[in-house]
Amino acid sequence: MINYIKESYSELTNHVTWTPWAEAQRLTVIVAVFSIVLALVVWGVDSVFSNVIAYYFELIK
């Protein structure tokens, strides 16, 4: 188990190419913005469908 951890650490530090810090920050902001936009779109569609269904049930009452 100890050998596995040592080899994993060695692999991560010596053989993995990490994204530069500035690019990682930029991509994080892009993901956050698109996540917020998508959440707002889903909220809007949900609100519209909720109102349509409420209106439909008002009609059949």
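Note that the coordinates shown come from a computational prediction; the quantities given were computed from them, not determined experimentally. (Residues numbered from 1 in each chain as written. Predicted model: local features only at pLDDT ≥ 70, side-chain atom pairs only at ≥ 80, totals over all residues. Heavy atoms only, no water.)

Time to look at the overall build of the protein. Looking only at helices and strands, one finds two helices and zero strands in the protein. Across the 61 residues of the protein, 0% fall into the buried class. (Helix = DSSP H or I, 4+ residues; strand = E, 2+ residues; numbered from the N terminus. Buried < 20%, exposed > 50% of the residue type's maximum accessible area, 1.4 Å probe, protein only.)

In total, this model carries one aromatic pair according to the counting rule given. Both rings, one in tyrosine 56 and one in phenylalanine 57, keep their centres 5.5 Å apart while their planes meet at 65 degrees; by these two values the pair is edge-to-face. Under the relative-accessibility criterion, tyrosine 56 is labelled partly exposed at 48%. (Phe/Tyr/Trp six-rings, centres within 6.5 Å; stacked < 30°, edge-to-face > 60°.)

Moving on, we get to the pattern of salt bridges. Under the counting rule described, the total for this entry stands at one salt bridge. Linking glutamate 58 and lysine 61 is a salt bridge whose minimum nitrogen-to-oxygen distance equals 3.8 Å. Taken individually, glutamate 58 and lysine 61 each receive the classification exposed, so the pair is uniform in this respect. (Salt bridge = Lys/Arg side-chain N within 4 Å of Asp/Glu carboxyl O.)

Now for the environment of phenylalanine 57. Here phenylalanine 57 is to be found in helix H2 (residues 21-60). Taking the relative accessible area as the measure of exposure, phenylalanine 57 reaches 47% and is therefore partly exposed. For phenylalanine 57 and tryptophan 21, which are 36 residues apart along the polypeptide, the C-alpha to C-alpha distance reads 53 Å.

Moving on, we get to the environment of serine 50. Mapped onto the fold, serine 50 is located in helix H2. Given a relative accessible area of 42%, serine 50 falls into the partly exposed group. Sequence separation between serine 50 and isoleucine 60 is 10 residues; the distance between their C-alpha atoms is 16 Å.

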